[in-house]
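# Architecture and fold: a report
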Amino acid sequence: MTFLMDTIKGILIGIANIIPGVSGGTMAVSLGIYDKLIASVSGLLKDWKKSLSVLFPIVLGCGIGIVGFTYIIEYLLSRHTFITCMAFTGLILGGIPVLVSSLKKELVKTSSRIGFSGAAAFALLFCVAVFLPMMNAEDEVLKTFTASFGTMAALFFVGVIASATMVIPGVSGSLVMMILGYYYGIINTIKSFLDSLKAFDVPGLIHGFALLVPFGIGVLLGIFLIAKLITFLFEKFGIQTYCAILGLIIASPFAIFYNTGALRQLPSLGILPVAAGLVLALVFGFVTYRLGK
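Keep in mind the model is a prediction, meaning the values are calculated, not measured. (Residues numbered from 1 in each chain as written. Predicted model: local features only at pLDDT ≥ 70, side-chain atom pairs only at ≥ 80, totals over all residues. Heavy atoms only, no water.)

Another point: the side chain of serine 196. When you line up the elements, serine 196 lands in helix H10 (residues 183–199). Ignoring sequence-local partners within four residues, the contact set of serine 196 consists of Asp201, Gly204 and Leu205. (Helix = DSSP H or I, 4+ residues; strand = E, 2+ residues; numbered from the N terminus. Contact = heavy atoms within 4.5 Å.)

As structure tokens, then:
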């Protein structure tokens, strides 16, 4: 029964990790397995049998959730772009009060102020989230990847960065991938790989392996290595780290609208899609807020 429940919880975490704005870490906290998950990851080298017995059903569930929800996300972003982006925006902004509350607790605990360093960290990550997506050419926003050495190396580092943020409650790894301009490409790669698997298309499978393996290795390394660095940053530079995260999150709706091409659709939208988008933003914002609490 524990195996089944952990698998189901893993499925929910996997779905959360693939939705920009939803934190897999927050989902793990809400499901009551975050401490168990982090302890197992940290203790993998010390007691690998016990850690693997805990991690296996969760990782299995995550894989099922990611695979199953990839098709849904791809459909929503391609057919209902603006409404989906508004839902993502609600999911993102709904988590801000929880982060602000955490920042206030850190200020009280350390008897400090935000100061210049905190403001600089906020401004830096805000600018990164706004200007980085603009560096992608418009015709590359919905790009697919070719299996070149440069692309595989880039996917490795994107996997490291994204997975490191996935373990932090309140931060979305898929949102970071969208800001970096790799979210669509990775979603398309996963979908193409699954289509090739169903059709037993060997060239397609080889192409998918060549792209997903370096990304997967980066994800694993990010969880075990970079996550420790982020833990160190929270312990030593908690105020600056929270300010940086807030800057990233507040600016990220722009990245989502820009990277999906939703900004270009705004002039041609009717009243109904706009109204539906606003309603979804409010609903999902409330859901994220309650989930974070």
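The final tally for this structure, using the stated rule, is three salt bridges. Linking lysine 109 and glutamate 106 is a salt bridge whose minimum nitrogen-to-oxygen distance equals 3.5 Å. Of this pair, lysine 109 and glutamate 106 both sit in helix H6 (residues 96–110), separated by three residues, roughly a single helical turn. When its relative accessible area of 10% is taken as the criterion, glutamate 106 is described as buried. Here aspartate 195 makes a salt bridge to lysine 198, at a shortest N to O gap of 3.9 Å. In this pair, aspartate 195 and lysine 198 both sit in helix H10, three residues apart, roughly one turn of the helix. Judged by its relative accessible area of 67%, lysine 198 is exposed. (Salt bridge = Lys/Arg side-chain N within 4 Å of Asp/Glu carboxyl O. Buried < 20%, exposed > 50% of the residue type's maximum accessible area, 1.4 Å probe, protein only.)

Moving on, we get to a nonpolar patch on the surface. A grouping of Met1, Leu4, Met5, Ile8 and Leu12 is seen on the molecular surface, where their side chains present a nonpolar patch of about 500 Å² in accessible area. Locating isoleucine 8 in the fold gives a position in helix H1 (residues 2–18). Residue classification places isoleucine 8 among the partly exposed positions, given a relative accessible area of 38%. (Patch = residues over 30% accessible without salt bridge, like charges linked within 9 Å, V, L, I, M, F, W, Y side chains within 5 Å. Areas by Shrake-Rupley, 256 points an atom, 1.4 Å probe, with all protein chains shown as cover.)

Remember that the coordinates give geometry; whether it matters functionally is a separate question.
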